[in-house]
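# Inside the fold
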Amino acid sequence: MDLISRVRDGVSDLRLYWRQPRPGEYVPYREVVMLSVGWMAMLMAIQWTIGFGVGNQFTGMTLKMNNTELLVMGYVCTAIGYITTPLNAYIIDNLRSTDGKYRVYIKLAIPSMVLTLISLWLPYEQVRDAGRYGRYFMILMLFLIGQIQGYVQGWVNTGVTNMVHVMTPNTQERTKIMAITSIIYSMGYTINNVYMPLMVDVLSENGDKYNMRYYRGAYTPVALLMPVVLLAYFGTKERLVLPKSRITKMSFSNSMRAVAGNKIFWIKCADGWNDFLEGAKGNVWEWMVYRAHIMKSTTYGLLNTISYNANFWGMLFSPWFIKKFGKRKIKIFKNVAQIFLIASYFLFYKTSFAAIGLFIVYTIDRFVDTGNVIDSAIESDMRDNQQYLIGERIDGAFGFIQSYAGGVIGAVTGLFLPWVYRKKGFDGNDYSVLDVYKDYDESKPLSEQTLNPGCVLYSLMDTLLKISIVGAAIDVLPWFAYDISETGQKSMIRVIRIRTLIEDRNSDKREESTYIEGCEAIIRAKKYDGADFVDAKDRTALNLARSMPNGTPEEKAARSEAIKQAKDAREKAREHNEEVEISRFVMHEIRRFETEFGQKQYELCKTIADYGINGFHEHYEEILALAKALPHSSIKEEKMWRKQEIKNAKQIKSSRHLYAQLYAENGCNYDPDEMQRAYDMPDDTREKSKARRKAMKTASQHKNSYVSYASPYLSALRTLELHEGYQNLDSLTADYDDVIAARQARHDAERAEAELLAAERKRDKEAYEARKKMNKQSKENRK
């Protein structure tokens, strides 16, 4: 009955908050479901890509490209990535679209689908066999369509997967959304895990899936699911905590410098770049199915699906795990567990228990590996941390550095596994050395098959598993340096809200929710300022409650109530300690200009501002000397701010040259409303649309030129605004009660209107049912 009650409450909660968020949260369930379904469709639709990795099932095993060709083409693709990655990073960090930072890319779903279908149905084998140079024309064809299709598909993937980072600034809500979306979109993996092996048996002979008939027949239907991805575009909204009045543009070099100093970023990179070792075991189960034939392809698909669903439970409990243990402990535990799981392969994979053993180990591994939720949460915290430290939201530059550095590392490590393969007897040309049986016939049992005397599969897998164990052990190390706690992330977000409130206080673009959240961050910080921590781990009351007698119904009820109260008291103590810790963090930010460093920083920024927009560039040497004279501090934030001020001061040198080029005659008189006026221009005719595009392009050029020139000046003004705001917090929160009352009145009016519409719909439905009943009765009477 308790389970039924919980389910009923869950359904009621889903209906109540389907279109409006829960109190204290930002995202209604409708948006979460829309994103999840679109994400699931995307994961199914993007299964098809053209890659050039060693051992690639399509280009290598099906179209017979050898390891040398695959390596060369892989390096070519890496080189192209070096060109496109900075462009992508610049676009992400600087594109200003009414569709948002990431939603705009989801609109590419339909072009992505068309390109995928083209890449599936091009006549690769016919071109390869056409003549002497046919093989090279085939490789050229694969390369061109693969690059175009992969680039567009990558943008769709970027848009969908990053929406979860910008839907809410609340880390606990974000983790919950990640868990829900992971559970739903993982159904796409589940379906694929059943569908793909099933299609092998349907479309191939003797379980041989390395043929074009299989790829075209299996991947074309799922590619047609791409339009469903648009649900993630039409059904979601971005909610980044950013000042609406800020005129900003992150230069490429500034973004690079900022990201290069982010410790959390390098921890994530170190974990990922080591995958060439830990991931060496990646093909074990598939090779055992398609090379050692330990089970039918359909059986493999079924077991793999059941095994993969263990990931569902890991993702389901991830928010609780994160809240209870924190991301750092989870990552360390996960990587330590991987060592023992990989080592366990040696116990069974050469025996008759290989099928069940692989199933069990993969199931445990997938339960432990909650990367879809944990890694996404860490990614979000990393970006929030960057915004807190430098005041700018950076997204694309992370991918740029990771791709560039990762590309160099990958170019070297990519040679490692082919070298291992070659040392163990597999040169990438003759795939028959991986077959355990010679001329395998699926109609005969394994005991009647002829063993392949030249098989190197088991020897190769022994080596690969040992390499994976070493990789898993190395993967543990970086996570000991991870230092963002759940409370620390909440603290950073509250500081960001207060900064946004101050920066937008005089702007007509200020959002009601941003104002309320900023005020509440200030009010809570003041409330707990100076409060002491309490003992939240004391279990005395809870142990006493559990020791109470429970022989009679009355005693059981009294014991249950005492346990509940003891747990509530511990939870309240935990919440109190969390608020005290957050308060100390926030009040340190509010009082930052009372320290020696803060006072010197204020003097530096005031000096820049006093020279004015048309004069600061003339005092480069003086301002740089003041920036370098800022006190050295052991505090992480002050270290970062000192670097930022020196960087801004050095940038004044380029501002001097830009002023001479752009504003020497009339001075700098940038109009911040020019872009909005251009955007509001009519476009109902061809001529008007052309004029609007031209005006927007001109306005964008003016803005970019202004920000490039005035960046050090604007940064100084923002610091002065913070100083002024922190001195006048009471005036900032003066309208809080009025804004809350106005919002409540609006919500009450909206609720009353919704109830009225619901009552009207109910009456309409009752009238319809009554007419339907009368018509039915009338027909019966006529009979």
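Everything here concerns the structure above.
Residues numbered from 1 in each chain as written. Predicted model: local features only at pLDDT ≥ 70, side-chain atom pairs only at ≥ 80, totals over all residues. Heavy atoms only, no water.

### Thoughts on the packing of helix α28 (residues 596-610) against helix α32 (residues 686-727)
Where α28 contacts α32, the two axes come as close as 8 Å, and the packing angle between them is 130°. The pairing of α28 with α32 is recorded here as oblique in orientation. The chirality of how α28 crosses α32 is left-handed. In this structure, α28 uses Gln 601, Tyr 602, Cys 605, Lys 606, Ile 608 and Ala 609 to contact α32, whose residues at the interface are Pro 712, Tyr 713, Ala 716, Leu 717, Thr 719, Leu 720 and His 723. Counted by class, the contact of α28 with α32 contains 9 nonpolar, 3 polar and 1 charged residues. (Axes fitted to C-alpha atoms, helices over the stretch in contact; angles between N-to-C directions. Helix = DSSP H or I, 4+ residues; strand = E, 2+ residues; numbered from the N terminus. Parallel < 35°, antiparallel > 145°, perpendicular 65-115°, else oblique. Left-handed = near helix turned anticlockwise from the far one by under 90°. Contact = heavy atoms within 4.5 Å. Nonpolar A, V, L, I, M, F, W, Y, C, P; charged D, E, K, R; others polar.)

### Quick notes on the packing of helix α24 (residues 486-503) against α32
Contact geometry for α24 and α32: axes closest at 9 Å, N-to-C directions at 100°. Taken together, the axes of α24 and α32 are roughly perpendicular relative to one another. Between α24 and α32, the residues in contact are Ile 498, Arg 499, Ile 502 and Glu 503 and Arg 718, Glu 721, Leu 722, Gly 725 and Tyr 726, respectively. A class-by-class count of the residues in the contact of α24 with α32 yields 4 nonpolar, 1 polar and 4 charged.

### Here's the deal with the packing of aromatic side chains
The relation between two aromatic rings is expressed through the spacing of the ring centres and the mutual angle of the planes. Scanning the model with the defined rule gives 24 aromatic pairs in all. Pairing Phe 58 with Tyr 215 gives two aromatic rings, centres 5.2 Å apart and planes at 75°, and the pair type is edge-to-face. Residue Phe 58 is found in helix α3 (residues 57-62), and its partner Tyr 215 is found in helix α10 (residues 212-223); the two are separated by 157 residues along the sequence. Just as Phe 58 is buried, Tyr 215 falls in that class too. Grouping aromatic residues by their ring pairs yields a cluster made of Trp 48, Phe 58, Tyr 124, Tyr 214, Tyr 215 and Tyr 219. The aromatic ring of Tyr 233 is capped on one face by Arg 103, whose charged end is 4.5 Å from the ring centroid. The ring centre of Trp 641 lies 3.7 Å from the NZ or CZ of Arg 592, which sits over that ring. (Phe/Tyr/Trp six-rings, centres within 6.5 Å; stacked < 30°, edge-to-face > 60°. Buried < 20%, exposed > 50% of the residue type's maximum accessible area, 1.4 Å probe, protein only. Lys NZ or Arg CZ within 6 Å of the ring centre and 35° of its normal.)

### Some details on helix α30 (residues 636-662)
Here α30 is 27 residues long and its end C-alpha atoms lie 38 Å apart, about the 39 Å a rise of 1.5 Å per residue gives. Most pronounced at Lys 653, the bend in α30 amounts to some 30°. (Expected span 1.5 Å × (residues − 1). Bend = angle between axes of the 7 residues up to and from the residue.)

### Observations concerning the pattern of salt bridges
Enumeration over the complete set of coordinates arrives at 20 salt bridges. Its salt-bridge partner being Lys 564, residue Asp 568 comes within 3.3 Å of it at the nearest N-O pair. In this pair, Asp 568 and Lys 564 are both assigned in helix α27 (residues 553-590), 4 residues apart and thus about one turn of the helix distant. Judged by relative accessible area, Lys 564 falls into the partly exposed class, the value being 49%. (Salt bridge = Lys/Arg side-chain N within 4 Å of Asp/Glu carboxyl O.)

### Things to note about a positive patch on the surface
Taken together, Lys 324, Arg 539, Arg 546 and Lys 567 make up a surface patch of like positive charges. The class of Lys 324 is exposed, set by a relative accessible area of 56%. (Patch = residues over 30% accessible without salt bridge, like charges linked within 9 Å, V, L, I, M, F, W, Y side chains within 5 Å. Areas by Shrake-Rupley, 256 points an atom, 1.4 Å probe, with all protein chains shown as cover. Lys, Arg positive; Asp, Glu negative; His and termini not counted. Charge placed at Lys NZ, Arg CZ, Asp CG, Glu CD.)

### Focus on the side chain of Thr 181
Note that Thr 181 resides in helix α9 (residues 171-203). Residues in contact with Thr 181, not counting those within four places in the same chain, are Val 32, Leu 35, Ser 36, Trp 39 and Ser 186.

### Topic: unusual backbone geometry
Backbone geometry places Lys 64, a non-glycine residue, at a positive phi of 65°. Relative to the elements of secondary structure, Lys 64 occurs in the loop between α3 and α4 (67-94). Within the chain, His 293 stands out as a residue other than glycine whose phi angle is a positive 55°. You can see His 293 is positioned in the loop between α15 (284-290) and α16 (297-308).

### Thoughts on the environment of Arg 539
In this structure, Arg 539 sits in the loop between α25 (512-527) and α26 (540-546). Given the relative accessible area of 36%, Arg 539 is considered partly exposed. With 301 residues separating them along the chain, Arg 539 and Glu 238 place their C-alpha atoms 42 Å apart. Setting aside residues up to four positions removed in sequence, Arg 539 forms contacts with Arg 546 and Arg 570.

### A few points about α10
With 12 residues, α10 should cover 16 Å at 1.5 Å per step; its first-to-last C-alpha distance of 16 Å lies within 8% of that length. Of all 12 residues in α10, 9 are buried, a share of seventy percent or more. What α10 keeps buried is the set Met 212, Tyr 214, Tyr 215, Arg 216, Ala 218, Tyr 219, Thr 220, Val 222 and Ala 223. With a side-chain oxygen positioned 3.3 Å from the backbone nitrogen of Arg 213, the residue opening α10 is Asn 211. (Polar contact = N/O pair within 3.5 Å; in protein donor to acceptor, adjacent residues only side chain to side chain.)

### Structural notes on a nonpolar patch on the surface
Residues Tyr 133, Tyr 136, Phe 137, Leu 140 and Leu 144 make up a contiguous nonpolar surface patch of roughly 560 Å² in combined accessible area. You can see Leu 144 is positioned in helix α8 (residues 134-166).

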